[in-house]
Amino acid sequence: MPYISTTEQERQEMLREIGVSSFKELIANIPEKFVMKDKLNLEPAFSEQQISRKVFQLTNTNKCTQASDSYLGAGVYDHFIPAAVDTIVSRPEFYTAYTPYQAEVSQGTLQFIYEYQTMICELTGMEIANASMYDGASAAAEAILMAIRSTRKNKALIASTINPNFKNVIERYTEGLGIELEFINSVNGVMDIKDLEAKVNDDIACVLVQSPNFFGNIEDMFATEKLTHQTKKGLFIASTDPIALAITNSPAEYNADIVIGEGQALGNNINYGGPLFGFFATKLAMARTMPGRLVGETLDEAGNKAYSLTLQAREQHIRRVKATSNICSNQSLCTLAATVYMALMGREGIKEVATQSITKAHYLAQEITKIEGFELAYPQQTFFKEFVVKTPIPAEEIIEKALNHNIYAGVDMKIFGYDNQLMIAVTEKKTKADLDRFLAVLKEVI
Amino acid sequence: MPYISTTEQERQEMLREIGVSSFKELIANIPEKFVMKDKLNLEPAFSEQQISRKVFQLTNTNKCTQASDSYLGAGVYDHFIPAAVDTIVSRPEFYTAYTPYQAEVSQGTLQFIYEYQTMICELTGMEIANASMYDGASAAAEAILMAIRSTRKNKALIASTINPNFKNVIERYTEGLGIELEFINSVNGVMDIKDLEAKVNDDIACVLVQSPNFFGNIEDMFATEKLTHQTKKGLFIASTDPIALAITNSPAEYNADIVIGEGQALGNNINYGGPLFGFFATKLAMARTMPGRLVGETLDEAGNKAYSLTLQAREQHIRRVKATSNICSNQSLCTLAATVYMALMGREGIKEVATQSITKAHYLAQEITKIEGFELAYPQQTFFKEFVVKTPIPAEEIIEKALNHNIYAGVDMKIFGYDNQLMIAVTEKKTKADLDRFLAVLKEVI
Amino acid sequence: MSTTIFEKSSQGRRGYNISKNDVNIELKDVLPANLVRKEDAKLPQSSELDVMRHYIELSSKNHFIEKGFYPLGSCTMKYNPKINEVVARQSGIANLHPLQPEETVQGALQIMHELQNDLAEISGMANVTLQPVAGAQGEFVGLKIISAYHQAKGNHHKKVIIMPDSAHGTNPASCSLAGFDVKELKSNSQGKVDVEELRKMVDENTAGFMLTNPNTLGLFENKIEEIAEIIHAVDGLMYMDGANFNALLGIVQPGKIGFDVMHYNLHKTFSTPHGGGGPGSGAVGVVEHLTKFLPVPMISKNDNGYFLDYSHEKTSIGKVHTYYGNFGINVRAYVYIKMLGAEGIRSVGENAVINANYLQAKLKDYYNISHADQYCMHEFVADGTIQKKKYGVSTLDIAKRLLDKGYHAPTIYFPLIISEAIMIEPTETESKQTLDKFISAMIEIAHEIETDPESLHHAPFNTPVRRVDDVRAVKQLNVRFPIEK
Amino acid sequence: MSTTIFEKSSQGRRGYNISKNDVNIELKDVLPANLVRKEDAKLPQSSELDVMRHYIELSSKNHFIEKGFYPLGSCTMKYNPKINEVVARQSGIANLHPLQPEETVQGALQIMHELQNDLAEISGMANVTLQPVAGAQGEFVGLKIISAYHQAKGNHHKKVIIMPDSAHGTNPASCSLAGFDVKELKSNSQGKVDVEELRKMVDENTAGFMLTNPNTLGLFENKIEEIAEIIHAVDGLMYMDGANFNALLGIVQPGKIGFDVMHYNLHKTFSTPHGGGGPGSGAVGVVEHLTKFLPVPMISKNDNGYFLDYSHEKTSIGKVHTYYGNFGINVRAYVYIKMLGAEGIRSVGENAVINANYLQAKLKDYYNISHADQYCMHEFVADGTIQKKKYGVSTLDIAKRLLDKGYHAPTIYFPLIISEAIMIEPTETESKQTLDKFISAMIEIAHEIETDPESLHHAPFNTPVRRVDDVRAVKQLNVRFPIEK
Ligand SMILES: Cc1ncc(COP(=O)(O)O)c(C=O)c1O
Ligand SMILES: Cc1ncc(COP(=O)(O)O)c(C=O)c1O
């Protein structure tokens, strides 16, 4: 049998040492009728070659984004990943290790998490960041739960311009806990500040706003902060894009209390939507109400610097029903990719990625609107790397036709309730030639 | 600049410490007119993304054998390579190390070479194997040179049934050294033993025979041995396929003196024909006349087992003009792949690979001959995994038409001087369904 | 300790090589000054070589499966076949966007569909969702399904989940998150569910029973039929925490022995790597009548091929992930199951159990094992009570000493019901030779404790760092490097 | 020392999982009994996990570029960019058969064609063959071309290649293999070619002059014009050993300063990995009039695309490789050159030279450097003569002590003309920080020698094994593990 090290002879020896004559005796304790009589109904075992071949053939029928020109985003972005990232991430030293509970033989994992936490603090301007959440959506949900916990209030205001999938997950995580969610209307593709002003009051635990929001538009975080912090204890939760943070206001500048977001854009493949990972940062004063793992620097018995998991008393394995979250395994290896990515990009590189993304997105937007029938859905707004256009024919048709040119034209906003709208994401990977070709195809297909 | 660690500021600091004010001063010694004035005429620098994309696009125009069904062989074979092989070979610990001259920090490389040498000894039945040659062809040439050296005779007999590319390389390596090569005729796809008998005499340094030979046929190595060793000092050099060795006579059984061959089939990709690697084994008594590197077991200062390069006095860096070869860098990493492959396959697995290759090849051969117009070129012979068929139309046409079905039908023997002949290689990777589909296509295209 | 990447930074050094911007637009024309970040994020500046050296150096400080034995109970640290990685890293898997038109991702959907079915078959469940990304999220989804079931019937009072006191911490925590109250049931003297106590505890408010089986002592809950009857009698549902499913592979199907919902830890049972703490995958299986509550989308198939199926959206508990869960991880489990087939799957279960019993048999003379009178399943819980009492050497000391001998420590101090617990799970991928060496190491430590107990308090001695002070880590909280410029 | 994979073998264990044979043919029916092997090759029997653990453990005992500085003179141990590896391991590169129809391998041929051209441009040569797989084979090809040139003119007496006494061992060895006699020229007091002595040595039998430039002392042979004149005057050809070409990148084109033939070490200058001793690539460039002698096939382009060009077969020296050389390695060099472009290439040359001079400047007060009065190029040769004389500490001792400090040793005892030679080449990929630390380590060692010379004889102390007895390795030759069953 593949991957079973024991040989038949060793198996017999072991049974003998255990003192039984057959495997059956070992499970005599299991009621007879529950022990399977028949073989499982599975396909016959594949050899290594057969399964490689099968998946190779299956995925050859996938038209992957590497072989095409993709403008799909909606929270999952195709930024360039240097080859060095995968070289590190695919080391068995990292990917076959468990959670670093035994610090003395886990310094590799612990130190990279400490570095990751530091980098997230730098990007967000926050004082403390955890080791990761499952994805941006669950990070958003956990941020709200944390706000509820620490303010002891049970209402959350949420901008309706956040990623609709985040909204779904937030609802899942908060329902049945006596938590009230209220959504702030949107106007012109951004949150309606007036509506926020109307809804904000001392009962709220928090206001959650995403910027750049789902449509790619940058929200007025300064105004939001003011309104939020005018309430008694209300916390301001910012959901954001880590790449955008390189050049746009840091959440520290607008005094957010908790900052979360989807981290995939930092060095992780798009992987058909998963694994993703959520980053989660806040102020030091709130450390003890945070969900998720944390790594801290400390000393070893010899007085040398060392790292270990810390503030574990918040966590499920110690706090159980009263834990700050049920999270145990998180998305550690994804944060390793992010850490290596940020280390490679560095201070300048990440700004370059952000700058190219925004300027290329604007070039495309500007040129698209020159095509008869296309216009920006939210021309008043400043957007980052993603934007919505109104289309002269149903977006679905454009998408279908562009596909014949091996282009994924973008997200059909119909699935989110907007007819004749296409949402287009542009990263630094696009060349002007790509964009011009896309423009030509758009002209052709309408 | 990519891959240059020094920043501009550090560069200036360093120039200052050296005591010059500019780089130019450092090369003042180079005649002015030889220092380039103009920039090199190269394409503008590619970013990492641009070059990945370019090569991805170029190689997408390659129809690789993974995406097709290939029957090409002729010395380079597509056996299955377990994923674990590449996982090891792509560790920087192995591939970014230099030749293990500093034994104390090269035990990883040294030990795997020692293990490789042992495995090659096991496969060939020989007593000593070197760390590798460039490829099977140069190994063959070096074997002849070694025979010449150790017998102090200067004539080599060579079966004309060897790989024609080996023949070319042997000629390159022996010309201008006063060495005479004589070729033994072939008959029915194997060496003509009678011709060998006629040509063999006390003047010869060696007889070199390949089995399975270029056409895939197994030669009579026992008879060859007898005739060779009847001469005074004449050495018997066997060139062979390492996979075939798993189930066919070991060279020890037929008392070869030197055994060489192409090792690629052991866990290495076909890589458009390179890197390949030559294995080289012989009897202990001849160790000091061997070319190539050798690793030996020894002790360290603390009395623990350790490995180091040994018998270096044979080599170019010590012996210079009188070295047993000019080889310095060899194909070390390829032998690592081979070592891991052999470790995974083990005693049973390698026999299974060989058995499946020979039986599947025979199934195909048997069925092909049932197609009108096809017949085996050498029906009298026992072949291993490769065989030649006579074709009813030019092989070139068959190859071209099969390609439309995404099949590489085999090698057109015309390039080696045989019209209307196709040489077909079959490995264990083929399924009966593959072979049947190939047969159907063959029927269709003629 | 290695210096941090921040300390290795040098102003102006570059580790990236990205294309020049070839569109003619200035940042200032598209990003108004008030939106521009005031001060750079001070990420380190390193060359690619710096970065590679740094993280490779860090990697050398980890224990990992391919370095040595990892007998971490409850975690099933089995070997992760290399082919899984190769297949999952292919561009056709790694570079698919979740919103690509379905006709362009048929291969991906087929893989998910087949995996759903295979997991269902292996567990005897009717249907499976691949959306939860970890065991704990699987629990959450399972509990949401239980909740949805009761809500659908209007049984709003069913708010209590019962679980044994040996339950894993995520179980109660997930209950809280899902809005349930938890009642803990004391295990009986055999380490199992006390059926009579359970009977007393159950009432009309009981929403369900959450059980790990084999339980966290590594023992099969053989009264499972009775237990299920008790729970089902009050219309409660039976939840199985499948963290220990490795023991049952091909031997027992949870769906056939009374469980209604279960989660799988694909990163335990189905060989996907742990990644130093994720990403894993916590798929959830349910019996037929709960299928309609599964998260959207499911992966289904019709005449046009595979598709993301939202048809049960109205009854579904909704989504717990931005997209479809950890697809990249699920692919690895898919490859693994396909390579094993029915016989391979069964063989995993059997050998996992044999390996554990072999260790138990060989260690019971040296360490107390409360339930050594029973055969265990895939793991067992020894403890350090004797060593603690006689020599003052704790389980923590024993664990740390094992690190010195090249082993990862077993899971310690869990389950909470065994004091000084040492929970050992060998998995089926380890050979007898490895087990024998581990046995010797454990015996050696037992002897060391008798001869020099004091030194054990200072173990480990040969690890990259010495014993780490985690109290200080809490008291002098330092969770980020202070970057100066 | 790790036990060998053979000692870990267990009868019947399997590390492979290959498909079942599905053709209905028995081995005995296709392989007559007399051809069947009598006794199995006793390869080890291991699980995949065993194999992974074993070779990963071995890997941890190596020094390698991404672990630390590798100042190995003459070897140009620069960083190997990761993108090279990723690109070269793609299926479209790795899974091409050399006899596929040309129309199916246009991409591969284009890569080779462009690389030929780029190497020619960088070196100022007219044409390049990629066929030789290592530097030494490049020398052999170059020498064969020189031979072919003379043969073609009927100058059969031209049998002598002259080279400096500082030449690398492969140079004379390759001459022997190519049928030339070697005359060694003593270097002058500046470590360079003694032009007057050369003039005397040259005669009508001189086939050519083989020179490493910068030479193996790291010094540019500035009399190159005169040298070339002398050699060309007798119709000899100028061969450049390009092992040190890194120093000249973008600065000097060998083809423009009098050289007629040169080989490149792509595994040195062009960042392809050394692989623990290969595979490398030893491409050869020639000036226009020697093009017709290059090995077949060349890669050419016509209206139909790229093709394997055998058109000069009659004049060609023929083939030295079974197929087209180390294609997989050449792809890596291709990627590297494309990423650098003209400015990057020049920058490599400049920074390699600056790094070397910086080290020389900082070390010359501590170690003797015979030619420290000159600026070096990419490397320089220090020596341990002072330490040897004063304290009895040899260069070998110094080298071994460096291993303790986390560095690979420099190249030692080469070139032969410097006693106790310590040849140091930093390459451009190392940062000032790394160089500064190395300088400190060298200075530390100089101090250690003064204070405790004896201990140096026993270095290294912290490496995976202690100083290895290579005399014993020769005397008690053990080159294979004795497998018993
Ligand atoms: C019994 C048990 N249940 C649940 C979990 C939680 O799984 P995860 O870490 O994937 O969330 C674990 C993990 O250790 C476990 O052992
Ligand atoms: C100066 C010089 N020439 C030639 C060679 C031989 O190159 P290879 O090892 O690639 O055969 C070397 C390698 O060390 C060298 O340093």
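Refer to the structure above for everything that follows.
Residues numbered from 1 in each chain as written. Chains lettered and ligands numbered in written order. Predicted model: local features only at pLDDT ≥ 70, side-chain atom pairs only at ≥ 80, totals over all residues. Heavy atoms only, no water.

1. Observations regarding the interface of chain C and chain A
Chain C puts 203 residues into the contact, and the matching count from chain A is 187 residues. Inspection of the region where chain C meets chain A yields 16 salt bridges. When the shortest N-O distance is used, the salt bridge between R466 of chain C and E301 of chain A registers 3.7 Å. For the pair chain C and chain A, the interface holds 96 residue pairs in polar contact (both at pLDDT 80 or more). The leading source of residues in the side of chain C that touches chain A is helix α10 (residues 327–363) of chain C, at 26 residues. Broken down by class, the residue content of the side of chain C that touches chain A amounts to 99 nonpolar, 62 polar and 42 charged. (Contact = heavy atoms within 4.5 Å. Salt bridge = Lys/Arg side-chain N within 4 Å of Asp/Glu carboxyl O. Polar contact = N/O pair within 3.5 Å; in protein donor to acceptor, adjacent residues only side chain to side chain. Helix = DSSP H or I, 4+ residues; strand = E, 2+ residues; numbered from the N terminus. Nonpolar A, V, L, I, M, F, W, Y, C, P; charged D, E, K, R; others polar.)

2. Some points on the pattern of salt bridges
Think of it this way: side chains of opposite charge can pair up when their charged atoms draw near. In the structure shown here, the tally under the stated rule is 116 salt bridges over all chains. Residue E343 of chain C pairs with K39 of chain A through a salt bridge whose shortest N-O separation is 3.1 Å. Linking E343 of chain C in helix α10 with K39 of chain A in the loop between α2 (23–26) and α3 (48–60), this pair reaches from one chain into another. In this structure K39 of chain A comes out as exposed when scored by relative accessible area, which is 57%. In this structure, K362 of chain D engages E17 of chain B in a salt bridge whose closest nitrogen and oxygen atoms are separated by 3.0 Å. (Buried < 20%, exposed > 50% of the residue type's maximum accessible area, 1.4 Å probe, protein only.)

3. Here we look at the sheet that holds strand β16 (residues 411–412) of chain B
All names here are of chain B. On the basis of which strands lie adjacent, the open sheet formed by four strands has the order β13-β14-β17-β16 and antiparallel pairing. Of all strands in the sheet, those with a lone pairing partner are β13 (375–376) and β16, marking the two edges. Inspection of the sheet shows β16 paired to strand β17 (residues 421–425) by two bridges, in the antiparallel sense. Its bridge partner lying in β17, V411 is registered against M423. Against the sheet, helix α12 (residues 332–368) contacts β13, β14 (386–390) and β17, and its axis sits at roughly 5° relative to β14. (Pairing = 2+ DSSP bridges. Axes fitted to C-alpha atoms, helices over the stretch in contact; angles between N-to-C directions.)

4. A look at the nonpolar core
Core analysis: the largest hydrophobic core is formed by 649 residues, its most contacted members being F387 of chain A, F387 of chain B, F270 of chain C together with F270 of chain D. Not counting chain neighbours up to four residues away, the residues in contact with F270 of chain C comprise L119, I122, F245, L249, Y264, N265, A333, Y336, I337 and I345 of chain C. (Core = buried A, V, L, I, M, F, W, Y, C linked by side-chain atoms within 4.5 Å.)

5. Describing the site of ligand 2
Surrounding ligand 2, one finds 15 residues, the nearest of these being S74, G135, D241, H267 and K268 of chain D. More than one chain approaches ligand 2, the contributing ones being chains B and D. The backbone of A136 of chain D places a nitrogen or oxygen atom 2.7 Å from an oxygen atom of ligand 2. Take H168 of chain D: an N or O atom from its side chain is 3.5 Å from an oxygen atom of ligand 2. Notes on ligand 2: free accessible area 390 Å², of which the protein chains cover 99%. (Near = heavy atom within 4 Å. Areas by Shrake-Rupley, 256 points an atom, 1.4 Å probe, with all protein chains shown as cover.)

6. Looking at helix α2 (residues 48–59) of chain C
Residue and element names in this part refer to chain C. Its twelve residues place the ends of α2 16 Å apart at the C-alpha level, agreeing with the 16 Å of an ideal helix rising 1.5 Å per residue. Of all twelve residues making up α2, eleven are buried, and the element is well covered by its neighbours. If you check which residues of α2 are buried, you get E48, L49, D50, V51, M52, R53, H54, Y55, I56, L58 and S59. (Expected span 1.5 Å × (residues − 1).)

7. A look at the packing of helix α12 (residues 395–404) of chain D against helix α13 (residues 432–451) of chain D
What describes two packed helices is the angle between their axes and the distance between those same axes. Residues and elements named next belong to chain D. Close contact between α12 and α13 brings their axes to 10 Å; oriented N to C, the two are set at 125°. One finds that α12 runs oblique with respect to α13. Pair α12 / α13 crosses with right-handed handedness. Residues I398, R401 and L402 of α12 form the contact with α13, whose own contacting residues are F438, A441, M442, I445, E448 and I449. Residues of the contact of α12 with α13, tallied by class, amount to seven nonpolar, no polar and two charged. (Parallel < 35°, antiparallel > 145°, perpendicular 65-115°, else oblique. Left-handed = near helix turned anticlockwise from the far one by under 90°.)

8. Observations concerning a negative patch on the surface
Judged by side-chain charge, E396, E397 and E400 of chain B together with E102 and E103 of chain D come together as a negatively charged surface patch. One can find E400 of chain B in helix α13 (residues 395–404). (Patch = residues over 30% accessible without salt bridge, like charges linked within 9 Å, V, L, I, M, F, W, Y side chains within 5 Å. Lys, Arg positive; Asp, Glu negative; His and termini not counted. Charge placed at Lys NZ, Arg CZ, Asp CG, Glu CD.)

9. Concerning the interface of chain B and chain D
Taken together, the contact between chain B and chain D spans 186 residues of the former and 202 residues of the latter. Roughly 17000 Å² of surface becomes buried between chain B and chain D when both sides are summed, with 62% attributable to carbon and sulfur atoms. Summed over the shared surface of chain B and chain D, the number is 16 salt bridges. The element contributing the most residues to the side of chain B that touches chain D is α12 of chain B, with 25 residues. Of the residues contributing to the side of chain B that touches chain D, the split by class is 93 nonpolar, 58 polar and 35 charged. (Buried area = accessible area lost by both parts, 1.4 Å probe.)

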